[in-house]
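# Architecture and fold: a report
The lines below spell out each chain.
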Amino acid sequence: MTTATVEDGPLRPGALLRVEDVVVEFPAPGGRVVHAVSGVSFDVLEGETLGLVGESGSGKTSIGRAVMQLPPPRSGRVLLDGVDLTTLGRRQVRAVRPRLQMVFQDPLSSLNPRRSVRGVVGEPMRVWNRSRPDIDARVDELLSAVGLDPAAVGDRRPSQFSGGQCQRISIARALVLEPQVLVCDEAVSSLDVSVRAQILNLLLDLRERYRLTMLFIAHDLSVVRHISDRVAVMYLGKLCEIGPAASVFGGPAHPYTAALLESVPVPDPSVRPSDEEVLDGEPPSPVDPPSGCRFRTRCPRAQPRCAEEEPIMRAVAPEQFVACHFPLTAGAPRP
Amino acid sequence: MTAQSAPVLEMHELRTWFATPEGPLRAVDGVSLGVEPGRCLGVVGESGSGKTVLLRSIVGLLPRRAIASTGGTVCFEGLELAGAPPAVIRDVRGRRIGMVFQDPMTSLNPVMRVGTQLTDGMRHHLGVGRQEARRRARALLEAVGIPDPERRLRDYPHQLSGGMRQRVTIAIALACDPSLLLADEPTTALDVTVQSQILRLLGRLRRQRNMAVILVTHDMGVVAGSTDDLAVMYAGKVVEQGPTATVFSATRHPYTRALLEAIPRADARPGERLATIPGQPPSLVDPPSGCRFAPRCPRAADRCRAEEPPLAGADGHRFACWFPLGDPEPPAAAT
């Protein structure tokens, strides 16, 4: 195995999933390029859950898809158990896919409306030519595991179920091939609060039961905080900060993380938001990202250096890394 | 309720039933609410609770063919809107009552310049001339925090970012200086940092103009930070209402508490399971007798299934529950 080309420190030896310097680009009109992800590295240990947060256009979904090789990234490496998926041929990638599964945001559109629930959940096993009795037994087990009664729901169609139930079906399908890594892309974002709580509890249960490693992509910080061991914050195609959930949420080092946390409405009327703007403006276009630090155009701490030199990831606390020239340190007053 | 100024809007036993093949669907089923000048009333509830239909019923923005029956009164500044001729409602809508909806891209006309959309209402309702309307439009864009308003007036909606578009729809809603603003999930489609900007803007404009606002949302965090009073809806009815701080700190209805407990809290232990509500909301075509929350309520007793609880209470805090929280548990629930 070649050594990593990234000099930053957040990558750990022995990680189950390792994303190295991944770049994802899309063509834009006029021969221009959307820089969706520009050199992002992180890893996830076995059994760990990494939460990936960011606003629209931050590249968090593109990263999730690059991990799945849907499509493979423009450059960089995605290693599962030491094997670089980006170098594999189509057949080899197919052979790896059962170990990597995904749950999408919109449960109804990700389920085939013409198939029965049993058919939808068993489909991945049929693709792999498993025997009929094996499929039946496994589908029964998974439907029960996600809280559905196989006898009652098996022959019904996805359209006969509510959003929360459809998401349970999607999760059952994702787990039917016993994956090691589950990528959840906004898996609870379209659900009502009370249903969202049920699905989050379900994911926590299944994570224990099947020893899942999860990449949990979401824009909702309270949800990410609840489910993640570690959290990575993205802004405009770059990683700003990564670290243990408690450190990142408790003592954010990147000014963007701090602003993001401060923007979240708190469900407590005694905490009234101040009248001052947390963050001015909106993210610039990923077609033409700013030089240096991509957050500098909105950053309250930006200095001339931020425009000239791109900050690299460095440690600010044990296991907490930040890409900022002037990070917020514990106890320091905010500018 | 403590007597402040007279309410701008007062609904009494408002009812909107939709026609379905199975029979009338009781989307809004006897709701009484009011809002005073300069205050913000939040209406929260999950999908299907009737909060959006309630808002649209006020201004008659529902397809007439779909409605099976309506009832109740809507008194707006001394004018009865329920059952008023369309011409009367049309004159109020957009002039004395402004509206902001969830998705700014679908509420703006994609082939009309921002300036035209902003001045249309003023010229129609207020009869101001082209030059004057243009001048006011510039001032409005400035008031909602849009830089370079002169240029933006000539832009089409697609040339603006999501946050800018929502600022434009707010400017349009305010163009005729309404005394009431109806906002239906105005920040749900926006990123969290932009959401915080828009909520601050709405608060500032409300105070400057002493305007009443009804804010419909599913987000308890948004409600906590932005509203003075709160109504919680479940299955077409208000189950609890009162000053926002009181409803949060001295919650009496089990559904309100369940909603609050389903939100992941910052101080939760890692992996802690969230409180959930068993079952699903009832069918509004054939709602359960008695309290509509009874089939899912941990405190439900025989009386709850037989008799519908009235919305009652003291000091402006009202709740529809036979065995409210804070009172002793009913004997049947203890078993």
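Presented here is an overview of the structure given in this document. Here the structure is a predicted model, which means the values were calculated and not measured.

Turning to the overall build of chain B, a few remarks are in order. Within chain B, the regular secondary structure consists of 13 helices and 12 strands. Taken against the 2.2 N^0.38 rule, which gives 20 Å for 335 residues, the C-alpha radius of gyration of chain B at 21 Å falls within 12% of a compact globule. Principal-axis analysis of the C-alpha atoms gives chain B an extent of 75 × 50 × 45 Å. A total of 335 residues make up chain B; the buried ones form 53% of that total. Pairs at least 24 residues apart make up 65% of the contacts formed inside chain B by residues separated by at least 6 positions. Summed over its atoms, the accessible surface of chain B is roughly 14500 Å², and 51% of this surface lies on carbon and sulfur atoms.

The next point concerns the overall build of chain A. Helix and strand counts for chain A stand at 11 helices and 12 strands. Relative to a compact globule of 335 residues, whose C-alpha radius of gyration would be 20 Å, chain A shows 21 Å and is just as compact. Counting only C-alpha atoms, chain A reaches 65 × 55 × 45 Å along its principal axes. Counting the 335 residues in chain A, one finds 54% classified as buried. Contacts spanning at least 24 positions in sequence make up 65% of the contacts within chain A whose residues lie at least 6 apart. Separation between the mean location of the 38 positive side-chain charges and that of the 40 negative ones in chain A comes to 7 Å.

Residues and elements named next belong to chain A. For strand 3 (residues 49–53), a buried count of 5 out of 5 residues is recorded, marking the element as mostly surrounded by other parts of the structure. Neither face of strand 3 is open: one carries Thr-49, Gly-51 and Val-53, the other Leu-50 and Leu-52, and all of them are buried. In terms of strand pairing, strand 3 meets strand 8 (residues 213–218) through 5 bridges, oriented parallel. Pairing of Leu-52 across the sheet is with Ile-217, part of strand 8. Of the strand pairs in this sheet, strand 3 and strand 9 (residues 230–235) are connected by 4 bridges, and their pairing is parallel. Considered in strand 9, the bridge of Val-53 is made with Val-233.

Here we come to the side chain of Thr49(A). Residue and element names in this part refer to chain A. In this structure, Thr-49 sits in strand 3. Its relative accessible area of 0% is what places Thr-49 among the buried residues. A polar contact is formed between the side chain of Thr-49 and the side chain of Arg-207, at a distance of 2.7 Å. Contacts of Thr-49, omitting those with residues within four sequence positions, involve Arg-207, Met-214, Phe-216, Ile-227, Ser-228, Asp-229 and Arg-230.

In this section: the sheet that holds strand 4 (residues 75–80) of chain A. All names here are of chain A. Sheet architecture is open: 4 strands sit in the order 2-1-4-5, paired in antiparallel fashion. The sheet terminates laterally at strand 2 (32–44) and strand 5 (83–84), the two strands that pair on one side only. Bridge analysis of strand 1 (residues 17–28) against strand 2 gives 10 bridges, and the strand direction is antiparallel. Within the sheet, the bridge partner assigned to Ala-28 lies in strand 2 and is Arg-32. Against the sheet, helix 1 (residues 60–67) touches strand 1, strand 2 and strand 4, its axis set at about 115° to strand 1.

Turning our eyes to something else, we now look at the interface of chain A and chain B. Listed per partner, the contact involves 40 residues of chain A and 45 residues of chain B. Summing both partners gives a buried area of about 3500 Å² for chain A against chain B, and 49% of it is carried by carbon and sulfur. Looking only at chain A, the three residues that lose the most surface to chain B are His226(A), Pro267(A) and Glu282(A), adding up to 17% of its buried area. One can count 2 salt bridges joining chain A with chain B. Across the pair Asp205(A) and Arg273(B) runs a salt bridge, and its minimum N-O distance is 2.8 Å. The tally of links from chain A across to chain B stands at 14 residue pairs in polar contact (both at pLDDT 80 or more). The set of elements that each furnish at least two residues to the side of chain A that touches chain B consists of helix 7 (193–209), helix 8 (221–227) and helix 10 (255–263) of chain A. Considering each element in turn, the side of chain A that touches chain B owes the most residues, 11 residues, to helix 7 of chain A. Looking at side-chain class alone, the side of chain A that touches chain B contains 15 nonpolar, 11 polar and 14 charged residues.

Turning next to the nonpolar core. Ile171(A), Leu182(A), Leu206(A) and Phe216(A) are the most contacted members of the largest nonpolar core, which totals 93 residues. Broken down by element, the residue count for this core peaks at 8 residues, all from helix 7 of chain A. Setting aside chain neighbours within four positions, we find Leu206(A) in contact with Ala145(A), Val146(A), Ile171(A), Leu175(A), Arg211(A) and Leu212(A). If you look at the next biggest cluster of nonpolar residues, it comprises 36 residues, including Ala133(B), Met164(B), Leu181(B) and Ile198(B).

With that settled, the discussion passes to the state of the cysteines. One covalent bond between the sulfur atoms of two cysteine residues makes up a disulfide. In the structure shown here, the tally under the stated rule is 0 disulfides over all chains. The structure places no disulfide on Cys240(A), whose sulfur is separated from the nearest cysteine sulfur, that of Cys293(A), by 7.0 Å. A relative accessible area of 4% means that Cys240(A) is categorised as buried. Cysteine Cys297(B) shares no disulfide, and the gap to the nearest cysteine sulfur, in Cys321(B), comes to 6.1 Å. Owing to a relative accessible area of 18%, Cys297(B) belongs among the buried residues under this scheme.

Glancing now at the environment of Val93(A). Residue and element names in this part refer to chain A. With respect to the helices, strands and loops of the structure, Val-93 is situated in helix 2 (residues 90–96). Val-93 gets classed as buried once you look at its relative accessible area, which sits at 13%. Spatially, the C-alpha atom of Val-93 lies 7.9 Å from that of Gln-69, the residues being 24 residues apart in sequence. Setting aside anything within four residues of it in sequence, one finds Val-93 in contact with Gln-69, Leu-85 and Leu-88.

All names here are of chain A. Strand order in this open sheet of 8 strands is 6-7-8-3-9-10-12-11, and the pairing throughout is mixed. Edge strands, defined here as strands with exactly one partner in the open sheet, are strand 6 (100–103) and strand 11 (314–317). For this sheet the average axis-to-axis angle between neighbouring strands, irrespective of direction, equals 20°. The sheet contact formed by strand 9 and strand 10 (residues 238–244) spans 6 bridges and is antiparallel. Among the inter-strand pairings, Met-234 is bridged to a residue of strand 10, identified as Leu-239.

To continue, consider the environment of Arg207(B). Residues and elements named next belong to chain B. Following the sequence through the fold, Arg-207 ends up in helix 8 (residues 192–209). The class for Arg-207 is partly exposed, based on a relative accessible area of 49%. Between the C-alpha atom of Arg-207 and that of Arg-39, which follows or precedes it by 168 residues, the distance is 8.2 Å.

Conventions adopted
The residue count restarts for each chain, going from 1 along the sequence in the order it is written. Just so you know, chain letters begin at A and ligand numbers begin at 1, following the order they were written in. Owing to the predicted nature of the model, reporting of local features is limited to residues with pLDDT of at least 70; listing and counting of side-chain atom pairs is limited to 80 or more, with chain, interface and lining totals taken over all residues. Note: side-chain values were computed over all heavy atoms of the structure, leaving out hydrogens and water. Strands are runs of DSSP state E lasting at least 2 residues, helices are runs of H or I lasting at least 4, and numbering of each runs from the N terminus. Here the globule rule reads 2.2 Å times residues to the power 0.38, and the radius of gyration is calculated from C-alpha atoms. Each residue's exposure class comes from its accessible area (1.4 Å probe, protein chains only) as a fraction of the maximum for that residue type: buried when under 20%, exposed when over 50%, partly exposed otherwise. Only heavy atoms matter for contacts: two residues are in contact if any of them lie within 4.5 Å across the pair. Per-residue and other accessible areas follow the Shrake-Rupley method at a 1.4 Å probe size, with only the shown protein chains counted as cover for residues. Residues scored as charged are limited to Lys and Arg (positive) and Asp and Glu (negative), so that His and the chain ends carry no count. The atom standing in for a charge is NZ when the residue is Lys, CZ when it is Arg, CG when it is Asp and CD when it is Glu. By definition, two strands form a pair when at least two bridges between them are found by DSSP. As used in this structure description, the phrase polar contact means that two N or O atoms lie within 3.5 Å; if the pair is within protein, one of them must be able to donate a hydrogen and the other to accept it, and residues adjacent in sequence are counted only when both atoms belong to side chains. Lines are fitted to the C-alpha atoms to define the axes, a helix being fitted only along its stretch in contact, and any angle between axes, read from their N-to-C directions, falls within 0 to 180 degrees. For any pair of parts, buried area is found by adding up, for both, the accessible area (1.4 Å probe) each one loses once the two are put together. We count a salt bridge whenever a side-chain nitrogen from Lys or Arg sits within 4 Å of a carboxyl oxygen from Asp or Glu. Under the convention adopted here, Pro, Cys and the residues Ala, Val, Leu, Ile, Met, Phe, Trp and Tyr are nonpolar, Asp, Glu, Lys and Arg are charged, and Gly plus all remaining residues are polar. Put simply, a nonpolar core is a bunch of buried Ala, Val, Leu, Ile, Met, Phe, Trp, Tyr and Cys residues held in one set by side-chain atoms that sit within 4.5 Å of each other. We call a pair of cysteine sulfur atoms a disulfide when they lie within 2.5 Å.

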